[in-house]
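Geometric and topological summary
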Amino acid sequence: MPGSIDRLSSSMKTTRKCTGCTGWIRRVRGQLVALIVSALLLIGRITASADTELGREGLTGRHRLADMYDSPGAVCDIVLPGRDSLGETWLRVNPPIMFARDRTAALDEQPVGWRATVSALNEETAAWRIVKRSEMARAVASDDLATYFDGEGWLAGFPLSRATYSVSVEMLWFDPREPQRVEGRAMYAVEHFATILRHDGETMHGRTAAVCRAPH
């Protein structure tokens, strides 16, 4: 297990190897995030919604879950038991795109946040049980400029237990005058998982699936 964790950490943090490029990397990263947000919003206006809304309440701004077949909302990285690992499943959930609520004719800003919840399927009862929930990630959005939370997703690890996992994403809009009070809330289900199988350091295959499922 430590070997697979080191490989995953290394693959997600390769920018640290370029110690003299920090400023350039930050500028490029900011530009890429802006391009991603613009492209996803444009796609959202042209095509049917790919995300599944589970519920909404209160006052919300424009929003979208970055979850399409060609750009899944979560990565399901399954490491099979082998010489370097006892086996584990890693889930990385991408952040949503959120605007502040348009309240006035002027530019409106608002604190927003999101968190992910992972549920596991009980195959005998067909019931889903919550097994892990992320901390709340917060940012400030405006009504004409969305936040993508700097592209920072949430990574969670699970022992390999032949389980089937699903993910939901909760988005929250906070009162600008009372940042701890929730004004609105929206809940979505992740529909697309980029599923990767690994064994002894080799990637066996990758595909897009509707759930994160370890092989039986």
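Definitions and limits used
Every chain's residues receive numbers from 1 upward, in the order its sequence appears when written. Thresholds applied to this predicted model are a pLDDT of at least 70 for local features of residues and 80 or more for the giving and counting of side-chain atom pairs; totals over whole chains, interfaces and linings are not thresholded and use all residues. Side-chain measures here rest on the full set of heavy atoms in the structure, leaving out hydrogens and waters. By convention in these notes, a salt bridge is any Lys or Arg side-chain nitrogen within 4 Å of a carboxyl oxygen on Asp or Glu. Labels follow the DSSP assignment, with helices taken as runs of H or I lasting at least four residues and strands as runs of E lasting at least two, numbered in each case from the N terminus. Partly exposed describes any residue whose relative accessible area lies between the buried limit of under 20% and the exposed limit of over 50%, with all areas from a 1.4 Å probe on protein chains only and scaled to the type maximum. Residues grouped as a nonpolar core are buried Ala, Val, Leu, Ile, Met, Phe, Trp, Tyr and Cys residues, joined through side-chain atoms within 4.5 Å.

**Quick look at the pattern of salt bridges**
- Considering all chains together, one arrives at nine salt bridges under this definition.
- Two residues, Arg101 and Glu183, come together in a salt bridge whose shortest N-O distance is 3.7 Å. Highlighted residues: Arg101 in the loop between strand E5 (97–98) and strand E6 (109–122) and Glu183 in strand E11 (residues 182–189), separated in sequence by 82 residues. Across the pair, exposure class does not vary: Arg101 and Glu183 are buried alike.
- A salt bridge links Asp175 to Arg181, with the nearest nitrogen and oxygen atoms 2.6 Å apart.
- Connected through salt bridges with shared partners, the residues Glu57, Arg115, Glu170 and Arg185 form a single ionic network.

**Structural notes on the nonpolar core**
- Core analysis: the largest hydrophobic core is formed by 31 residues, its most contacted members being Leu91, Val93, Tyr165, Val167 and Phe193.
- At the level of elements, strand E3 (74–79), strand E4 (88–93), E6, strand E9 (154–159), strand E10 (164–174), E11 and strand E12 (193–199) are the ones that each hand at least two residues to this core.
- Of all hydrophobic cores here, the second largest spans five residues; its members include Ile97, Phe99, Ala146 and Tyr148.

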